[in-house]
Amino acid sequence: MLAALTTHRYLLATMVRREIGARFAGTSLGGLWSLIHPIVLLGLYTMVFSVIYRVGEVEGGHGFAEFVFCGLWPWLAFQEACLRSVTAITNNANVVKKLQFPSELLVVSVVLASFLVQGVGFLLFLLGLMLWKGTFIGGAGLLLWIPLGLALLLAIGMGMLLACGNVFFRDVEQLATAGFTLWFFLTPILYPANLIPESIGALFILNPMVAITDAYRSIILSGNLNLGGALAYGVCCAVGLFWFGRYAFERCRGFFADYL
Amino acid sequence: MSVVSRCTESPSPQPTPHAQGRLSPPGGEEVTNIPSSDWVVRTQNLGKCYKLYARPLDRLKELFVSSRRYHQDFWALQEVDLCLESGQSCGIIGCNGSGKSTLLKLISGVARPSSGTVEVAGRVGALLELGTGFHPEYTGRENIYFSAAMLGLEGAETEALVPEIIAFAELDDFIDQPVKTYSSGMYMRLGFAVATTIRPDILITDEVLAVGDEAFQKKCIRRMEAFLGQGKTLLFCSHSMYHVQKLCQKALWLDHGRVRAWGGAAEVTLAFEDYLRGLEAQEEQQTEPQPVADASLPSRLRQVRLLGADNQETDVFDLGETARLEMIAEVPDGQPPVFAVGHVRRNDKFGVYGIFSDMDRVEPQRVDAHTFRIGYEVCLSLLPGNYTFRTHVLDPSGLRMFDTVEKDFSVRGESRELGVCRLPHRWTR
């Protein structure tokens with residue numbers, strides 16, 4: 001598939017551009033919508049937890065809003081990429097059935113488009129945060145590529161599995177929506193990982209998004225990255241899922257035209 | 001006509017087997033070397049089987065729960081051996097559901113064969129549907145770039161072709177409007193223009209000419225003819241025998257997923273049309289009651305012989321050959337009877353021509369007191385197909401028909417003429 005990505009650079013770029021364009025086509029606010037949704041969520045969580053529950057400072061003296069922001073945006077990119085991938089093949093049935101072309105690009109382009117759109121919002125807010133706090137992450141910011149790369153691999157792997165699954169069983173679409181809501185709350189985004197009770201700790205160890213969210217957060221808030229076992233597990237998961245998703249997709253590709 | 005061809009051409013280097021599920025990029029470098037005289041498309045024992053499930057849940061059950069078979073196999077295509085050389089055009093004909101589209105899907109690589117192999121050498125431009133992948137919100141120009149990218153072109157390559165595409169599609173004024181504002185005719189023109197302008201080596205089209213007005217159809221045909229003139233290969237699926245005869249040298253007739261006939265376009269399409277007329281006639285027969293035969297027949301035809309030019313009995317003639325009928329009738333009252341001959345196309349019982357001996361003021365020859373004989377010679381200008389001579393004997397006034405004997409025969413030959421028979425004609429200028 002990597003070969004396909006390089007030989008079809010131009011096609012992939014065209015598809016990503018079209019995917020982003022189509023997402024906002026016909027709306028008057030256009031790309032602004034990609035900012036509005038996370039802002040509303042961020043405001044909502046801040047109001048519920050900071051104002052109503054009066055959660056003060058979390059983990060090393062950071063405000064609740066900036067704490068949530070670090071985890072929320074990367075999660076939204078990941079979730080949007082996966083959920084849109086689910087229908088990447090089924091929604092393009094007419095193309096998949098009528099044209100011989102590298103169909104994995106449908107998934108990859110959806111994932112890239114989601115990360116690009118959310119990435120722009122993320123960078124804008126990161127800039128705002130730094131101006132507001134008066135601190136600049138500087139060189140540590142380059143480390144952001146590590147969790148970003150992991151999240152991308154994970155999303156492409158997940159996306160391929162979900163897209164294939166949905167071709168054969170349309171239930172996957174419904175299942176994924178529910179599953180990702182659950183996954184969101186099982187990932188330490190609205191709460192710090194150290195608040196998780198020992199008794200259910202095992203449930204969180206298996207979640208690769210824990211390591212990725214932690215990595216984002218520690219790079220932005222404290223300017224360092226803890227290269228521990230959790231991150232190593234995250235790397236294994238991301239690479240493993242990417243490879244498995246690609247493999248499964250390759251095996252299923254020939255049957256798409258029959259089942260769509 | 002050979003039923004089912006076995007291809008014996010020598011194998012060509014570097015085939016691109018879709019069957020192994022390898023991703024072959026359309027227009028990828030490794031497949032662009034076309035062998036000049038060898039095959040371009042080759043299928044061997046090709047088959048496609050669909051699994052039919054009664055309910056979606058059955059598929060899950062079969063996968064995870066039990067080892068019981070929940071599906072029914074449906075073979076949409078079986079044992080297709082096809083071999084096309086470059087520059088050849090092949091029409092694929094058959095009734096609905098005979099597997100035409102499945103075959104095109106397998107050759108274009110969209111679907112994977114269940115058995116056998118497909119090999120294609122060259123860039124395939126598959127036109128299974130016009131305007132595949134167009135996005136309604138984007139302009140025509142943007143869709144050209146996207147569509148061309150899907151077919152394997154780079155931006156710069158497309159750039160060079162855009163003027164030609166716009167000109168062919170006749171969309172100069174609308175090309176920067178969103179495609180959703182296009183009429184269906186504009187949409188189809190654009191789709192056809194993109195797919196054929198990218199210069200594929202093999203063009204696969206499925207019923208695209210069935211849509212569109214006559215002017216557009218003519219334009220498409222001209223373009224396909226030009227395409228063939230460049231030594232490219234065309235695979236063309238159509239219900240229009242006229243288009244197949246006009247564009248294709250070869251034709252493949254599929255019937256319930258199997259090859260019914262494969263050969264020259266003219267003979268295969270004629271055979272298919274014959275078959276279709278047969279189906280129609282069968283339906284008519286089922287609805288119309290059969291006339292009851294008259295029990296008391298005073299006169300009867302004792303012998304009817306159909307002779308060829310060499311005076312031997314035959315039932316096969318070449319177009320333009322002379323056929324001779326010899327009829328002997330027994331007439332109880334000894335009065336010279338009237339004979340009649342009808343030329344009938346066999347499958348739909350279409351009466352091509354009929355003549356009575358008394359119309360030509362010919363009296364039969366008396367053999368003895370109760371036996372009469374007559375000969376009938378005709379130049380068979382009938383177009384190739386299956387026919388019947390219907391011979392009758394009537395009473396002397398030519399009003400009551402007593403007996404009928406039918407003689408089947410067929411006319412051989414290759415002809416792309418249309419209709420039933422060849423009328424004497426000449427072209428002037």
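Remember, predicted model here, so these are calculated numbers, not experimental data. (Residues numbered from 1 in each chain as written. Chains lettered and ligands numbered in written order. Predicted model: local features only at pLDDT ≥ 70, side-chain atom pairs only at ≥ 80, totals over all residues.)

**Focus: the overall build of chain B**
Helix and strand counts for chain B come out as 8 helices and 18 strands. Of all 429 residues assigned to chain B, the portion counted as buried reaches 37%. (Helix = DSSP H or I, 4+ residues; strand = E, 2+ residues; numbered from the N terminus. Buried ≥ 20, exposed ≤ 12 C-beta atoms within 10 Å, placed from the backbone.)

**So, the overall build of chain A**
Regarding its fold elements, chain A presents 12 helices and 0 strands. Sequence-ordered secondary structure for chain A, helices as α and strands as β, is α-α-α-α-α-α-α-α-α-α-α-α. What you see for chain A is a C-alpha radius of gyration of 19 Å, in line with the 18 Å of a compact globule of 260 residues. Projecting the C-alpha coordinates of chain A onto the three principal axes gives extents of approximately 55 × 45 × 35 Å. (Rg over C-alpha atoms; globule rule 2.2 N^0.38 Å.)

**Remarks on the domain arrangement of chain B**
Residues and elements named next belong to chain B. When its domains are assigned, chain B resolves into domain 1 (29–123 + 200–279) and domain 2 (300–412). A C-alpha centroid distance of 44 Å is found between domain 1 and domain 2. Taken residue by residue, the interface counts 4 residues in domain 1 and 5 residues in domain 2. In the side of domain 1 that touches domain 2, the residues fall into 1 nonpolar, 1 polar and 2 charged. (Domains from an automatic or database assignment. Contact = placed C-beta atoms within 7 Å. Nonpolar A, V, L, I, M, F, W, Y, C, P; charged D, E, K, R; others polar.)

**Remarks on the interface of chain B and chain A**
Counting residues at the interface gives 27 residues for chain B, matched by 25 residues for chain A. Secondary structure elements with two or more residues in the side of chain B that touches chain A: helix 1 (56–65), helix 2 (100–108), strand 5 (124–127) and helix 3 (140–150) of chain B. The class makeup of the residues in the side of chain B that touches chain A is 14 nonpolar, 7 polar and 6 charged.

**Structural notes on the pairing of strand 6 (residues 202–206) of chain B**
Residues and elements named next belong to chain B. Counted residue by residue, strand 6 has 5 buried out of 5 residues, so it is predominantly covered. Neither face of strand 6 is open: one carries Ile202, Ile204 and Asp206, the other Leu203 and Thr205, and all of them are buried. Here strand 5 pairs with strand 6 via 4 bridges, running parallel. Across the sheet, residue Ala126 finds its bridge partner in strand 6, namely Ile204. Bridge count between strand 6 and strand 7 (residues 233–237): 5 bridges; the pairing is parallel. Within strand 7, the position partnered with Asp206 by the bridge is Cys237. (Pairing = 2+ DSSP bridges.)

**Here we look at the sheet that holds strand 11 (residues 316–318) of chain B**
All names here are of chain B. Strand order in the open sheet formed by 5 strands is 11-18-17-13-14, with mixed pairing between adjacent strands. Here the strands that pair on one side only, and so sit at the sheet edges, are strand 11 and strand 14 (350–356). Put simply, the sheet's adjacent strands are angled 30 degrees from each other on average, direction ignored. (Axes fitted to C-alpha atoms, helices over the stretch in contact; angles between N-to-C directions.)

**Here's the deal with helix 3 (residues 33–52) of chain A**
Look at helix 3 of chain A: 27 Å from first C-alpha to last across 20 residues, which is about the 28 Å you get at 1.5 Å a residue. Looking one or two places after helix 3 of chain A, you find A:Arg54, whose phi comes out positive at around 55 degrees. (Expected span 1.5 Å × (residues − 1).)

**Examining the sheet that holds strand 10 (residues 300–307) of chain B**
All names here are of chain B. The sheet built from 4 strands is open, its strands ordered 10-12-16-15 with antiparallel pairing. At either margin of the open sheet sits one strand with a lone partner, and together these are strand 10 and strand 15 (365–368). Here the average twist between neighbouring strands, direction ignored, is 25 degrees. The pairing of strand 15 with strand 16 (residues 371–379) spans 3 bridges and is classified as antiparallel. For Asp368, the partnering residue across the bridge sits in strand 16 and is Thr371.

**Details of the nonpolar core**
Among the nonpolar cores identified, the biggest contains 142 residues, and A:Val111, A:Ala155 and B:Leu235 are the most heavily contacted of them. With residues up to four places along the chain from it excluded, the contact list for A:Ala155 reads A:Phe78, A:Ala81, A:Cys82 and A:Val111. Membership of the second largest hydrophobic core comes to 15 residues, among which are B:Ala329, B:Val338, B:Tyr376 and B:Val393. (Core = buried A, V, L, I, M, F, W, Y, C linked by C-beta atoms within 7 Å.)

**What to know about the packing of helix 7 (residues 145–168) of chain A against helix 8 (residues 171–185) of chain A**
All names here are of chain A. Packing of helix 7 against helix 8 leaves a shortest axis separation of 7 Å and a crossing angle of 140 degrees. Put simply, helix 7 runs oblique to helix 8. From helix 7, Leu162, Gly165 and Asn166 reach across to helix 8, where they touch Val172, Glu173 and Ala176. Across the contact of helix 7 with helix 8, the residue classes break down as 3 nonpolar, 2 polar and 1 charged. (Parallel < 35°, antiparallel > 145°, perpendicular 65-115°, else oblique.)

**A look at unusual backbone geometry**
Residue and element names in this part refer to chain B. If you check the backbone angles, His256 has positive phi at about 50 degrees while not being a glycine. On the secondary structure map, His256 appears in the loop between strand 8 (250–255) and strand 9 (258–264). Backbone geometry at Asn311 places phi at a positive 65 degrees, although glycine is not the residue there. With respect to the helices, strands and loops of the structure, Asn311 is situated in the loop between strand 10 and strand 11. The exposed category is assigned to Asn311, around which 10 C-beta atoms lie within 10 Å.

**Focus: the environment of B:Glu417**
All names here are of chain B. Topologically, Glu417 is positioned in the segment after strand 18 (401–412). Along the chain, Glu417 and Tyr242 lie 175 residues apart, while their C-alpha atoms are 10.0 Å from each other. Setting aside anything within four residues of it in sequence, one finds Glu417 in contact with Leu383 and Arg422.

**Here's the deal with the packing of helix 3 of chain B against helix 4 (residues 155–169) of chain B**
Residues and elements named next belong to chain B. Where helix 3 contacts helix 4, the axes come no closer than 10 Å and their chain directions differ by 125 degrees. In terms of orientation, helix 3 lies oblique with respect to helix 4. Between helix 3 and helix 4 lies a crossing whose hand is right-handed. Contacts from Ile144, Tyr145 and Ala148 in helix 3 reach Gly155, Thr158, Val162 and Ile165 in helix 4. (Left-handed = near helix turned anticlockwise from the far one by under 90°.)

**Considerations on the confidence of the model for chain B**
Residues with a pLDDT of 70 or more make up 87% of chain B, whose mean pLDDT is 81. Across residues 1–36 of chain B the pLDDT falls below 50, and counting only partners more than four positions away or on other chains, this stretch makes 77 contacts in the model. (pLDDT = per-residue confidence, 0-100.)

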